[in-house]
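For reference, the chains in residue letters:
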Amino acid sequence: MTPDLLNVEHLTMRFGGLTAIDDLSFAAKAGAITALIGPNGAGKTTVFNCLTGFYKPSIGRLALHHAAGELLLEQMDGFRIARSGVARTFQNIRLFPRMTALENLIVAQHNPLMRASAYTLGGLVGLPSFRRAEDAAIDFAAEWLERVGLLDRADDEAGSLPYGAQRKLEIARAMCTRPALLCLDEPAAGLNPRESAELNRLLVGIRERERIGILLIEHDMSVVMGISDHVVVLDYGRCIAAGPPAAIRRDPAVIRAYLGEPAEDEMAARGGG
């Protein structure tokens, strides 16, 4: 059995009198893609904000099973979560547009570079250990640019890249932090069918080669059903279904809540075909 990488237990998030997440529990496994789906306003991004330290949950336990041991994310500051193996992309692309594609990926390796520089002193005096770390960071950034098909655009400003290329660059930047858990917030938003197919191949390749956990929020069902190992469906902040994509596709509660269509048994009762 593949071990759980992330356990979300009884997660509840309240904003005043509004309950955005209501007693949510699910697990995400290492080496697997877990998708969170649901209608707009179902609470998906709120879950990500709790996992990545933007929000402190009202109630709940968020356990990341890391090489260093179990980490309770709800007890950590956001910047410490980012250093502990959780990386994230956003629905609205947040690259550094005036930096080159290569520089965006080197910046993502800021923490190991700072350690190698003895927190700037070694960089100023040109310590050999820092130069080695800097060369390694450039090589690793170039490797990811090649994997996302952007090596020939390494010296172009990120903001000048086509939209689909910026999406891939943002994922590459997240991977340059060497995460154990990659959280992707609607990575297919705004992509055409060809670009969505390329995204599918990229994410499957990350799952198979890196063996990390991927937690995915996505409205594009061709992406969700094509690459996910496990799907969790939210509606009004609660989990209404969870399981493999084939089972989720047939689930009457999902059809009603997410697709806005009557279930087959309801259609039959009405005399529908």
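Draft legend 1. Structural context of the packing of aromatic side chains. Per the counting criterion, the structure on display carries two aromatic pairs. A ring pair is formed by Phe 15 and Tyr 55, whose centres lie 5.2 Å apart and whose planes are at 75°; its orientation type is edge-to-face. Linking Phe 15 in strand 1 (residues 4–15) with Tyr 55 in the loop between helix 1 (44–51) and strand 4 (59–66), this pair joins segments that are 40 residues apart in sequence. Looking at Phe 15, the relative accessible area reads 34%, which means it is partly exposed. Their ring planes at 85° and their centres at 5.9 Å tell us that Phe 54 and Phe 90 sit as a pair that is edge-to-face. Of this pair, Phe 54 sits in the loop between helix 1 and strand 4 while Phe 90 sits in the loop between strand 6 (86–89) and helix 3 (101–107), and the two are 36 residues apart along the sequence. The class of Phe 54 is partly exposed, set by a relative accessible area of 49%. Among the residues examined, Phe 90 registers a relative accessible area of 15% and is labelled buried. Directly above the aromatic system of Phe 90 lies the positively charged group of Arg 94, at a separation of 4.0 Å from the ring centroid. Above the ring of Trp 144, the side-chain terminus of Arg 147 is found at 4.0 Å from the ring centroid.

Draft legend 2. Summary view of the sheet that holds strand 4. As summarised here, the arrangement of the four strands in space is 2-1-4-5, forming an open sheet in which the pairing is antiparallel. On the outer flanks of this sheet lie strand 2 (18–29) and strand 5 (69–72), each paired with one strand and no other. The mean angle between the axes of side-by-side strands here comes to 20°, regardless of whether they run parallel or antiparallel. Both strand 4 and strand 5 contribute to a ladder of four bridges, which runs antiparallel.

Draft legend 3. Representation of the sheet that holds strand 7 (residues 181–185). Reading across from one edge, 6-7-8-3-9-10 is the order of the six strands in this open sheet, with mixed pairing throughout. In this open sheet, the two edge strands, each paired with only one partner strand, are strand 6 and strand 10 (238–243). Taken over all neighbouring pairs, the strand axes of this sheet differ in orientation by 15° on average, direction set aside. Against the sheet, helix 1 touches strand 3 (33–37), strand 6, strand 7, strand 8 (213–217) and strand 9 (230–235), its axis set at about 140° to strand 8.

Calculation rules
- Residues numbered from 1 in each chain as written.
- Predicted model: local features only at pLDDT ≥ 70, side-chain atom pairs only at ≥ 80, totals over all residues.
- Heavy atoms only, no water.
- Phe/Tyr/Trp six-rings, centres within 6.5 Å; stacked < 30°, edge-to-face > 60°.
- Helix = DSSP H or I, 4+ residues; strand = E, 2+ residues; numbered from the N terminus.
- Buried < 20%, exposed > 50% of the residue type's maximum accessible area, 1.4 Å probe, protein only.
- Lys NZ or Arg CZ within 6 Å of the ring centre and 35° of its normal.
- Pairing = 2+ DSSP bridges.
- Axes fitted to C-alpha atoms, helices over the stretch in contact; angles between N-to-C directions.
- Contact = heavy atoms within 4.5 Å.

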